[in-house]
Amino acid sequence: MSILKKPLIDVIFASEKRKGVLLLLQNGPRQMEDILKSLDTTRQSLLPQIRILEEHYLISHFDDSYGLTKIGKLVAERIPPLVETSETLDIDIDYWGTSDLNFIPSHLADTISMLKRCSILTPKLSDSYNENFQFHDASKISHSVYVMTEFLFPNYMELFNDLVSNDVNIHFIISSSLYNKLKSHGNSELNQIIQHKRANFYTYVGKVGFLSFGLNDYYIIMRLLRTDSKSNVSFIWCNSSNALEWGKALFEYYLKDSTPITGL
């Protein structure tokens, strides 16, 4: 009589002990005593889970030593990225679930776990349309600032002048709609900033898909749109080195299809 097999996804994720064994054996076979000590469990508790893994051809054993099969290796190496992605989204699944994430290219969607130490912050309503002072203060002492946006804050000239006076390299992508609006109104002061030796301004003609993105030497800040296209008061705030690396790659993705602006 054949044993009724569980779907592999259930075998792996329906038990923390089974998942733990697979991850533990990634570095090679282990003695049972080592496995029990590492997972802080008892032989009596673990053996039924070991048996299930063996019945599904994920692990095999010789004497009291256990190791991954070929199938087990294929499965185990895919567990960490999935777990890390889940941990990233679990920070605030309501925020992520209601945000339009189509702006993220596939190669960066695959590495979104690099944002797992980020926070979802909600400012006071009175501050929701103002710049983030912590981000701007950090920008003034950064080597470079990278921004892509659909809008400008009311005091944008003051913010640009702060960066220029502190010798910060400015890399700024604006949407085509914002570019056309600025061009139609004209602004000699902004034109001087655009032509500054440390300033690099661009326009992106495609759909941006988010409100704004900012990156300096210390932080990332992202303001996303909701799936219903409405703006979201909350924003993503990151300061880990992995997040900064991910943010730089996102900016470069849009930069390659952007056109330099030399003046308005």
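Reading guide: rules and limits
Residues numbered from 1 in each chain as written. Predicted model: local features only at pLDDT ≥ 70, side-chain atom pairs only at ≥ 80, totals over all residues. Heavy atoms only, no water. Helix = DSSP H or I, 4+ residues; strand = E, 2+ residues; numbered from the N terminus. Rg over C-alpha atoms; globule rule 2.2 N^0.38 Å. Buried < 20%, exposed > 50% of the residue type's maximum accessible area, 1.4 Å probe, protein only. Contact = heavy atoms within 4.5 Å. Areas by Shrake-Rupley, 256 points an atom, 1.4 Å probe, with all protein chains shown as cover. 1 Å grid on protein atoms, 1.4 Å probe; cavity = no way out; pocket = protein on both sides within 12 Å on 5 of 7 lines; lining within 4 Å. Points joined across faces, edges and corners; volume = space filled by probe spheres on them. Nonpolar A, V, L, I, M, F, W, Y, C, P; charged D, E, K, R; others polar. Axes fitted to C-alpha atoms, helices over the stretch in contact; angles between N-to-C directions. Parallel < 35°, antiparallel > 145°, perpendicular 65-115°, else oblique. Polar contact = N/O pair within 3.5 Å; in protein donor to acceptor, adjacent residues only side chain to side chain. Phe/Tyr/Trp six-rings, centres within 6.5 Å; stacked < 30°, edge-to-face > 60°. Patch = residues over 30% accessible without salt bridge, like charges linked within 9 Å, V, L, I, M, F, W, Y side chains within 5 Å. Salt bridge = Lys/Arg side-chain N within 4 Å of Asp/Glu carboxyl O. Pairing = 2+ DSSP bridges.

Our next topic: the overall build of the protein. From N to C terminus, the protein includes 13 helices and 11 strands. Radius of gyration (C-alpha) of the protein: 25 Å, far over the 18 Å computed for a compact globule of 264 residues. For the protein, the spread of C-alpha atoms along the three principal axes comes to 80 × 35 × 35 Å. Considering the protein as a whole, with its 264 residues, one finds that 45% of them fall into the buried category. A separation of at least 24 residues holds for 74% of the contacts in the protein among residues at least 6 apart in sequence. By element, 51% of the accessible surface of the protein is carried by carbon and sulfur atoms, the whole surface being about 14600 Å².

For the rest of this paragraph, the subject is empty space enclosed by the protein. Using a probe with the size of a water molecule, rolled over the atoms, empty space left in the structure can be pinpointed. All told, the structure shown has two cavities of 30 Å³ or more when counted by the stated rule. Roughly 360 Å³ of internal volume is contained in the largest cavity. In the lining of the largest cavity, the residues fall into 14 nonpolar, six polar and two charged. Here the second largest cavity is characterised by a volume of approximately 50 Å³.

This brings us to the packing of helix α3 (residues 32–39) against helix α4 (residues 43–55). Direction vectors running N to C along α3 and α4 enclose 105 degrees, while the axes themselves pass 11 Å from each other. When the interaxial angle is binned, α3 and α4 end up roughly perpendicular. On the side of α3, the interface is formed by M32, E33, I35, L36 and L39, while α4 contributes R43, L46, L47 and I50. Taken together, the residues that form the contact of α3 with α4 break down as seven nonpolar, no polar and two charged.

Here we take up the side chain of T149. Note that T149 resides in strand β5 (residues 144–149). With a relative accessible area of 3%, T149 lands in the buried category. Among the polar contacts listed, one links the side chain of T149 to the backbone oxygen of L211, at a separation of 3.5 Å. With residues near it in sequence (within four places) discarded, T149 still touches F172, I173, I174, S175, L178, L211 and S212.

We now examine the packing of aromatic side chains. Two aromatic rings, taken as a pair, are described by how far apart their centres are and by the angle between their planes. Summed over the entire model, instances satisfying the criterion amount to 13 aromatic pairs. Pairing Y95 with W96 gives two aromatic rings, centres 6.2 Å apart and planes at 80 degrees, and the pair type is edge-to-face. When its relative accessible area of 4% is taken as the criterion, Y95 is described as buried. Geometrically, the ring pair formed by Y146 and F251 is edge-to-face, given 5.2 Å between the ring centres and 65 degrees between the ring planes. You can see Y146 sitting in strand β5 and its partner F251 sitting in helix α13 (residues 241–255), a full 105 residues away along the chain. Each member of the pair, Y146 as well as F251, is classed as buried. Each residue in the set F103, Y204, F210, Y253 and Y254 is aromatic and connected to the rest through ring pairs, giving one cluster.

Below, the discussion takes up the packing of helix α9 (residues 133–140) against helix α10 (residues 156–165). One way to put it is that α9 packs onto α10 with a least axis distance of 9 Å and a crossing angle of 30 degrees. One way to sum up the angle between α9 and α10 is to call them roughly parallel. Two secondary-structure elements touch here, α9 through H136, S139 and K140 and α10 through L159, D162 and L163. Partitioning the contact of α9 with α10 into residue classes produces two nonpolar, two polar and two charged.

Among the surface-exposed residues, L8, Y57 and I71 lie close enough to one another that they form a single nonpolar patch of about 290 Å² accessible area. By the secondary structure assignment, I71 is in helix α5 (residues 70–76). Take I71: its relative accessible area is 41%, and that puts it in the partly exposed class.

Attention now moves to the pattern of salt bridges. Tallied over the entire structure, the rule returns 10 salt bridges. Residues D64 and R43 are paired through a salt bridge, measuring 3.4 Å at the closest nitrogen-oxygen approach. With D64 in the loop between β2 (59–62) and β3 (65–68) and R43 in helix α4, the pair connects residues that are 21 residues apart, well separated along the chain. For D64, a relative accessible area of 26% puts it in the partly exposed group.

Once that is clear, we can look at the sheet that holds β5. Spatially, eight strands are ordered β4-β10-β9-β8-β5-β6-β7-β11 in an open sheet, and the strand pairing comes out mixed. Looking at strand neighbours, the two that pair on one side only are β4 (119–121) and β11 (258–261), the edges of this open sheet. Neighbour-to-neighbour, the strand axes of the sheet open up by a mean angle of 20 degrees, direction not taken into account. Relative to strand β6 (residues 169–175), β5 runs parallel, the two sharing six bridges. Looking across to β6, one finds that T149 is bridged to I174. Strand contacts of α10: β5, β6 and β7 (199–204), with the helix running at about 150 degrees to β6, the strand carrying the most contacts. Along the sheet, helix α11 (residues 176–185) makes contact with β5, β6, β7 and β11, crossing β6 at roughly 100 degrees.

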